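Coordinate analysis (summary)
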Amino acid sequence: DLRGGTMGDGGGVTGRSLGDGGAGAGAGAAVSLAPTPLADLDTFEGRAIDRAMFKGNTTYFDFDRSTIKKSEMAKLAAVAEYLKTNPGHGLLIEGHCDERGTEEYNRALGERRALSAREYIVNQGVGAERIRTISYGEDRPAVDGHDEAAWSKNRRAEYGLLAPAAEIGRAH
């Protein structure tokens, strides 16, 4: 199901307000733009999205939290290191939630998770202009199920490498 989602430029939330001003995101003032249609995101801003590149770097979150856990920081540091050594590439960060909570709340929480990951990577020395964020809320579960085992795998941020289409596959 490819319903919903709000796209950000990494500088704030698009399409809707978080209600808490983006607390914990540390990204500055929110940007209010119309949401990008998300029928298919195989390309973004003229660049191909390689979701396989950082598949092993998926970052997991505690219930109802957007704080990066110490156990997840090495994954983000590796993404940042790759981006620092490949300045022509960008990053799409996708924030996700488990099924608990309202759709609106989960969309906002997914955005806070994506922005939290973005902030960590920017603090590692990657230019903020190279990173885009999107929240899918609960719309794209990684694991089907209605228990903690499934929910813990659905509270996550995933990363897509943004690069010219000719470079995808050679970046690995």
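Notes on the overall build of the chain
Each helix and strand counted, the chain has 3 helices and 7 strands in total. Seen in sequence order, the chain has helices and strands lined up from the N terminus as β-β-β-β-α-β-α-β-α-β. For the chain, the proportion of its 172 residues judged to be buried stands at 47%. In the chain, 74% of the contacts between residues at least 6 apart in sequence involve partners at least 24 apart.

Examining the confidence of the model for the chain
Across the chain, pLDDT averages 81, with 73% of residues at or above 70. A low-confidence stretch, residues 9–40 stays under pLDDT 50, and its non-local contacts, those more than four residues away or across chains, total 59 contacts.

As for the environment of Val-143
Relative to the helices and strands, Val-143 resides in the loop between β6 (131–137) and α3 (148–154). Judged by relative accessible area, which is 31%, Val-143 ranks as partly exposed. Each C-alpha atom, one on Val-143 and one on Lys-153, is 6.5 Å from the other, the two residues being 10 residues apart in sequence. Residues contacting Val-143, with those up to four places away along its chain left out, are Ala-150, Lys-153 and Asn-154.

What to know about unusual backbone geometry
Here the phi dihedral of Glu-45 falls at roughly 50 degrees; this positive angle occurs in a residue that is not glycine. Position of Glu-45 among the secondary structure elements: in the loop between β2 (43–44) and β3 (47–50). According to the relative accessible area criterion, Glu-45 is partly exposed, its value standing at 45%. Residue Asp-64 is not a glycine yet carries a positive backbone phi of 60 degrees. Topologically, Asp-64 is positioned in the loop between β4 (59–60) and α1 (73–85).

A closer look at the packing of aromatic side chains
Summed over the entire model, instances satisfying the criterion amount to 1 aromatic pair. Both rings, one in Phe-54 and one in Tyr-82, keep their centres 5.6 Å apart while their planes meet at 75 degrees; by these two values the pair is edge-to-face. One end of the pair, Phe-54, is in the loop between β3 and β4; the other, Tyr-82, is in helix α1, and 28 residues separate them in sequence. Each of the two residues, Phe-54 as well as Tyr-82, counts as buried. Seen from the ring of Trp-151, Arg-100 lies directly overhead, with NZ or CZ sitting 3.8 Å from the centre. For the cation-ring pair, Arg-112 lies above Tyr-105, with the distance from its terminal atom to the ring centre recorded as 5.6 Å.

Topic: the packing of α1 against helix α2 (residues 103–123)
Close contact between α1 and α2 brings their axes to 9 Å; oriented N to C, the two are set at 55 degrees. Compared by their axis directions, α1 and α2 come out oblique. Handedness of the α1/α2 crossing: right-handed. Facing α1, whose interface residues are Met-73, Leu-76, Ala-77, Val-79, Ala-80 and Leu-83, α2 presents Ala-117, Tyr-120 and Ile-121.

Conventions and cut-offs
Residues numbered from 1 in each chain as written. Predicted model: local features only at pLDDT ≥ 70, side-chain atom pairs only at ≥ 80, totals over all residues. Heavy atoms only, no water. Helix = DSSP H or I, 4+ residues; strand = E, 2+ residues; numbered from the N terminus. Buried < 20%, exposed > 50% of the residue type's maximum accessible area, 1.4 Å probe, protein only. Contact = heavy atoms within 4.5 Å. pLDDT = per-residue confidence, 0-100. Phe/Tyr/Trp six-rings, centres within 6.5 Å; stacked < 30°, edge-to-face > 60°. Lys NZ or Arg CZ within 6 Å of the ring centre and 35° of its normal. Axes fitted to C-alpha atoms, helices over the stretch in contact; angles between N-to-C directions. Parallel < 35°, antiparallel > 145°, perpendicular 65-115°, else oblique. Left-handed = near helix turned anticlockwise from the far one by under 90°.

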